[in-house]
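Structural description and commentary
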Amino acid sequence: MTKSITIRRPDDWHLHLRDGDMLRAVLPYTAQHFARAIIMPNLVPPIVTHAQAQAYRDRIIAALPDGAEFTPLMTLYLTEDSDPADVAAAHASGLVKAVKLYPAGATTNSASGVANFDKVDAVLEKMAEIGLPLCTHGEVTDPNVDIFDREAVFIDRVLDPIRTRHPDLRVVMEHITTSDAVDYVQGAAQNLAATITTHHLVINRNHILAGGIKPHYYCLPVAKREEHRLALRKAATSGDARFFLGTDSAPHTDANKLLPCGCAGCFTAPNTLSILAEVFEQDDALERLEAFTSLNGPAYYRLPVNAATTTLTRTPAHYPAHVDTVEGPVTVFDPDMPLNWSVS
Ligand code: DOR
Ligand code: ZN
């Protein structure tokens with residue numbers, strides 16, 4: 001049996017760090033295990049402009065523990081008023097690595113997102129021209145569409161038309177949850193990739209709803225049927241360069257998770273690598289873990305692979321059940337299985 005595995009240092013291609021006290025509480029867990037992360041811009045107010053992204057990056061750097069080696073890769077929040085010239089300048093400066101599309105009302109802090117996709121056409125045109133990737137929260141918000149179908153309908157109604165209109169636009173479908181999304185990525189000739197979260201490799205919708213409701217498993221897009229989880233596992237562990245890790249680690253205090261209308265998000269930063277090693281070992285794919293965590297993402301984002309390495313050892317993982325913040329505890333995602341791999 002393999003006792004240890006050494007991989008290039010991982011990156012997280014989809015991460016929520018929040019701001020202020022929460023940022024200071026959660027950032028050390030990501031900085032411990034990841035060299036870089038694509039930082040989601042859904043703060044209140046959102047990070048829309050070059051100047052806002054610069055200031056947010058400075059706050060993240062200031063919150064890093066002493067000696068940490070971590071580079072935040074900044075994104076802009078796409079609104080119907082986003083300025084193509086400002087987006088292009090943010091990219092040209094090297095600061096901004098992607099633009100995030102939230103359909104208005106789709107998820108946490110998405111009120112400023114896009115309702116009329118025609119209104120962002122000029123920005124998408126500019127992004128296609130300069131090679132700046134678009135990260136999509138791929139769910140329609142039409143109340144007539146069942147929540148478990150919203151990703152598949154988004155592909156047909158929103159994403160495919162955008163990609164047909166802008167064939168040079170480089171797209172990352174974020175946190176995919178369905179076999180429909182896996183098939184769509186695999187069927188594209190170019191300019192399309194997808195991130196997959198840790199938790200969507202582990203839970204299906206039964207884990208959330210059967211035998212009592214589990215608020216800490218509730219995230220968006222919501223986990224789907226088992227057949228979809230298995231499709232995600234197959235894609236993630238296949239080594240296919242179009243699939244890579246985006247944890248979507250999304251901290252909310254327990255008080256906010258356990259409300260009658262609780263927040264969406266799973267906080268996986270502290271134990272993600274242990275869970276992934278377990279998943280890849282279960283699927284006989286440990287030799288392809290590195291592609292998923294450390295190689296495929298940089299290749300799609302046209303960035304160098306990290307020079308440093310990370311060693312995982314086959315020894316039980318220890319991580320906190322909760323992280324304490326000034327606002328209250330944040331529960332760490334429970335994969336409900338023993339984790340036999342630790343980051344050395
Ligand atoms: O579960 C989620 N949490 N999904 C999202 O799209 C947003 C995120 C958050 O910001 O909490
Ligand atoms: Zn997210």
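Since the model is a prediction, treat every value here as computed from it, not as a measurement. (Residues numbered from 1 in each chain as written. Chains lettered and ligands numbered in written order. Predicted model: local features only at pLDDT ≥ 70, side-chain atom pairs only at ≥ 80, totals over all residues. Heavy atoms only, no water.)

Some details on the coordination of the zinc ion (ligand 2)
- Distances from the zinc ion (ligand 2) to its protein donors, His-14 (NE2), His-16 (NE2) and Asp-248 (OD), fall within 2.0 to 2.1 Å.
- All donors to the zinc ion (ligand 2) come from one chain, and their sequence spacing reads H-x1-H-x231-D.
- According to the relative accessible area criterion, His-14 is buried, its value standing at 1%.
- Classification of His-16 as buried rests on a relative accessible area of 7%. (Donors = N, O, S within 2.8 Å, 3.2 Å for Na, K, Ca; no water. Buried < 20%, exposed > 50% of the residue type's maximum accessible area, 1.4 Å probe, protein only.)

Focus on the nonpolar core
- In terms of nonpolar packing, the biggest core is built from 92 residues, with Leu-17, Ile-39, Leu-78, Met-127, Met-173, Ile-176 and Ile-196 touching the most fellow members.
- Listed in part, the 14 residues of the second largest apolar core include Trp-13, Val-48, Cys-135 and Val-172. (Core = buried A, V, L, I, M, F, W, Y, C linked by side-chain atoms within 4.5 Å.)

Examining the pairing of strand E11 (residues 322–325)
- Of the two faces of E11, only one is covered, namely that formed by Val-323 and Thr-325; the face formed by His-322 and Asp-324 stays uncovered.
- Here E11 runs beside strand E12 (residues 328–331); their pairing, made up of four bridges, is antiparallel. In the sheet register, Val-323 faces E12, and the bridge partner there is Val-330.
- The hairpin turn running from E11 into E12, its antiparallel successor, is two residues long. (Helix = DSSP H or I, 4+ residues; strand = E, 2+ residues; numbered from the N terminus. Pairing = 2+ DSSP bridges.)

Structural notes on the sheet that holds strand E7 (residues 171–173)
- Across the sheet, which stays open at both edges, the eight strands sit in the order E2-E3-E4-E5-E6-E7-E8-E9 with parallel pairing between neighbours. Because the sheet does not close on itself, it has two edges, and the strands there are strand E2 (12–15) and strand E9 (243–245). On average, each strand axis in the sheet is inclined to that of its neighbour by 30°, with strand direction left out of account.
- Inspection of the sheet shows strand E4 (residues 71–77) paired to strand E5 (residues 96–101) by four bridges, in the parallel sense. Its bridge partner being in E5, Met-74 is matched across the sheet by Val-96.
- Seen against the sheet, helix H6 (residues 179–187) touches E7, strand E8 (192–196) and E9 and runs at an angle of roughly 145° to E8. (Axes fitted to C-alpha atoms, helices over the stretch in contact; angles between N-to-C directions. Contact = heavy atoms within 4.5 Å.)

A short note on helix H5 (residues 150–165)
- Look at H5: 22 Å from first C-alpha to last across 16 residues, which is about the 22 Å you get at 1.5 Å a residue.
- The largest bend in H5 comes to about 40°, at Leu-159, with the proline Pro-161 one to four residues further on.
- Listed as buried for H5 are Arg-150, Glu-151, Val-153, Phe-154, Ile-155, Val-158, Leu-159, Ile-162 and Arg-163.
- In this structure, the buried residues of H5 make contact with E5, helix H4 (121–130), strand E6 (134–136), E7, H6 and E8. (Expected span 1.5 Å × (residues − 1). Bend = angle between axes of the 7 residues up to and from the residue.)

Notes on the sheet that holds strand E1 (residues 4–8)
- One open sheet holds the three strands; their spatial order is E1-E10-E13, and the pairing between them is antiparallel. Each edge of the open sheet carries a strand with a single partner, namely E1 and strand E13 (342–343).
- With five bridges joining them, E1 and strand E10 (residues 309–313) adopt antiparallel strand pairing. Looking at the pairing, Ile-5 lines up with Leu-312 of E10.

Description of the site of ligand 1
- Around ligand 1 sit 13 residues in total, of which Arg-18, Asn-42, Thr-107, Leu-220 and His-252 are the nearest.
- Within the side chain of His-137, one N or O atom sits 3.2 Å away from an oxygen atom of ligand 1.
- One of the backbone N or O atoms of Gly-265 is found 3.3 Å from an oxygen atom in ligand 1.
- Here the shell around ligand 1 is built from residues that sort into four nonpolar, seven polar and two charged. (Near = heavy atom within 4 Å. Polar contact = N/O pair within 3.5 Å; in protein donor to acceptor, adjacent residues only side chain to side chain. Nonpolar A, V, L, I, M, F, W, Y, C, P; charged D, E, K, R; others polar.)

Digging into the packing of H5 against H6
- At their nearest, the axes of H5 and H6 sit 9 Å apart, and the two run at 25° to each other. Taken together, H5 and H6 sit at an angle that is classed as roughly parallel. At the point where H5 passes H6, the crossing takes the right-handed sense. Facing Glu-151, Ala-152, Ile-155, Leu-159, Asp-160 and Arg-163 of H5, the residues of H6 in contact are Asp-180, Ala-181 and Tyr-184. (Parallel < 35°, antiparallel > 145°, perpendicular 65-115°, else oblique. Left-handed = near helix turned anticlockwise from the far one by under 90°.)

Comments concerning helix H2 (residues 50–63)
- Taking 1.5 Å per residue, 14 residues should reach 20 Å; H2 reaches 20 Å between its end C-alpha atoms and fits that length.
- What H2 keeps buried is the set Ala-53, Tyr-56, Ile-60 and Ala-63. The buried side chains of H2 occupy one side of the element, clustering within an arc of 85° when seen end-on. Counted as exposed and oriented over 90 degrees from the buried face of H2: Ala-51 and Ala-62.
- Where H2 is buried, its residues contact helix H1 (20–33), strand E3 (36–39), E4 and E5. (Arc of directions from axis to C-beta.)

Some words on the side chain of Lys-100
- Position of Lys-100 among the secondary structure elements: in strand E5.
- Despite its burial, Lys-100 remains without a salt bridge, the nearest opposite charge being carried by Glu-174 at 5.8 Å.
- With near-sequence residues (within four places) excluded, Lys-100 lies in contact with His-14, Met-40, Pro-41, Leu-76, Tyr-77, Leu-78, Cys-135, Thr-136, His-137, Glu-174 and His-175. (Lys, Arg positive; Asp, Glu negative; His and termini not counted. Salt bridge = Lys/Arg side-chain N within 4 Å of Asp/Glu carboxyl O.)

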